[in-house]
Amino acid sequence: MTGDLSAFKPVLGVVLGSGLGGFTELLHVTERIGYHELPGMPESTVPGHDGAFLFAKLADKDILVASGRNHLYEGHSARAATEGIRFMYECGVKKLVLSNAAGTLNPKYKPGEWMGISDHINLTGKTPFKGGANFHDMSEVYSPAFREQLATAARKRKFALHEGVYAAVLGPQYETPAEVRMIRGFGADAVGMSTVHEAMQAKALGLEVAGLSCLTNWGAGMPGASLNHDDVLAAGEKASAELGEMLAAIVLEGCA
Ligand code: HPA
């Protein structure tokens, strides 16, 4: 950390998921803070995930990007994995997009398309709030107004952006076909290994939250399913230009 960040007033915070780092190419990064420089912040160990906060400008707007995230499957507690969300809040972020790569469970939502998260199912059994009577209301984690802004941005550009329920599993292994059938039966449209704890923490801090899943593959056992991390990264990289355009639209048109 070198510069003075007191003048930094982020209009948007963004957490970038697997293979979705391309958005940063649109930005002018003024300061980079490695996760290892922050006390309590775990380092990212996953290929395709960087490990730094980028203090950046898009036109004249400030944006704070968490490039790379910490997952529970790396061995972190839900509390540790959400340290970055508390840091972004401390830096003044009030509006936050959580992006991720996910498997699609809905036959109408195809790999290569996007899903705005309307709600989630936390199947990890873990919470960032453990240790107290932290009875946070989770009845509307994902902001309907923010979702609508993203939907408008996608519609204008003819990007395929659906809406649906994201289920989070612990990972790191992908699901079995029987697990996929169960998770679909629970009402989920997509499955992944991240995002829910961050969304819960952000909501508890009063942030306006949106979640965007890049659908990288069919869920295990579904026709055409093929699951490996390299394919997930490649699908994410292909889609990341669209993510960049949607986020830029939010910054430049949606949060003046
Ligand atoms: N399951 C869980 N996590 C994922 C998947 C999946 O199919 N694809 C990308 N992340």
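Our structure's up above, just so we're on the same page.
To start, this report covers the structure provided alongside it. (Residues numbered from 1 in each chain as written. Predicted model: local features only at pLDDT ≥ 70, side-chain atom pairs only at ≥ 80, totals over all residues. Heavy atoms only, no water.)

Some details on the pairing of strand β7 (residues 161-168)
- Within β7, six of the eight residues are buried, which leaves it mostly tucked inside the rest of the structure.
- Inspection of the sheet shows strand β6 (residues 114-122) paired to β7 by eight bridges, in the parallel sense. Among the inter-strand pairings, M115 is bridged to a residue of β7, identified as H162.
- Taken together, β7, helix α4 (residues 177-185) and strand β8 (residues 190-192) form a β-α-β motif whose crossover is right-handed. (Buried < 20%, exposed > 50% of the residue type's maximum accessible area, 1.4 Å probe, protein only. Helix = DSSP H or I, 4+ residues; strand = E, 2+ residues; numbered from the N terminus. Pairing = 2+ DSSP bridges. Right-handed = clockwise from strand over helix to strand, strands pointing away.)

Some remarks on the side chain of R86
- Summarising the element assignment, R86 is placed in helix α2 (residues 83-90).
- The class of R86 is buried, set by a relative accessible area of 12%.
- One polar contact links R86 to Q201, side chain to side chain, over a distance of 2.7 Å.
- If we ignore the near neighbours within four places in the chain, the residues touching R86 are R79, Q201 and L205. (Polar contact = N/O pair within 3.5 Å; in protein donor to acceptor, adjacent residues only side chain to side chain. Contact = heavy atoms within 4.5 Å.)

Describing the environment of G22
- Tracing the backbone through its elements, the reader meets G22 in the loop between β1 (10-16) and β2 (28-34).
- Owing to a relative accessible area of 21%, G22 belongs among the partly exposed residues under this scheme.
- The spacing of G22 and E237 is 215 residues in sequence and 6.9 Å in space, taken between C-alpha atoms.

Digging into the site of the ligand
- Around the ligand sit A101, A102, G103, Y174, E175, V191, G192, M193, T216, N217, L227 and V232, and that is every residue in its neighbourhood.
- The separation between a nitrogen atom of the ligand and a polar side-chain atom of E175 is 2.8 Å.
- N217 places a side-chain nitrogen or oxygen 2.7 Å from a nitrogen atom of the ligand.
- Notes on the ligand: free accessible area 260 Å², of which the protein chains cover 95%.
- Mapped onto the shell around the ligand, the elements with two or more residues apiece are β5 (95-104), β8 and β9 (208-218).
- Ranked by residue count, the leading element in the shell around the ligand is β5, at three residues.
- Of the residues in the shell around the ligand, the class split is seven nonpolar, four polar and one charged. (Near = heavy atom within 4 Å. Areas by Shrake-Rupley, 256 points an atom, 1.4 Å probe, with all protein chains shown as cover. Nonpolar A, V, L, I, M, F, W, Y, C, P; charged D, E, K, R; others polar.)

A short note on the nonpolar core
- In this structure, F53, F55, L64, M88 and L96 are the most contacted members of the largest nonpolar core, which totals 32 residues.
- For this core, the elements supplying multiple residues, two or more each, are β3 (52-58), β4 (61-67), α2, β5, β6, β7, α5 (196-204) and β9.
- Counting residues in hydrophobic clusters, the runner-up holds 28 residues, among them L16, L54, L58 and C214. (Core = buried A, V, L, I, M, F, W, Y, C linked by side-chain atoms within 4.5 Å.)

A short note on the environment of H120
- Relative to the assigned elements, H120 resides in strand β6.
- Placed 47 residues apart in sequence, H120 and A167 show a C-alpha to C-alpha distance of 5.5 Å.
- Residues contacting H120, with those up to four places away along its chain left out, are V141, Y142, V165, Y166, V196, A199 and M200.
- At 2.8 Å, the side chain of H120 and the side chain of Y142 are in polar contact.

Some points on the packing of aromatic side chains
- In total, this model carries four aromatic pairs according to the counting rule given.
- Each residue in the set F8, Y35, F53, F55 and F87 is aromatic and connected to the rest through ring pairs, giving one cluster. (Phe/Tyr/Trp six-rings, centres within 6.5 Å; stacked < 30°, edge-to-face > 60°.)

With respect to the pattern of salt bridges
- Counted according to the given criterion, the structure contains seven salt bridges.
- Note that K61 and D60 form a salt bridge whose closest N and O atoms lie 3.9 Å from each other.
- Classification of K61 as buried rests on a relative accessible area of 18%.
- Given the relative accessible area of 59%, D60 is considered exposed. (Salt bridge = Lys/Arg side-chain N within 4 Å of Asp/Glu carboxyl O.)

Everything listed here is a matter of geometry and, on its own, says nothing about what the molecule does.
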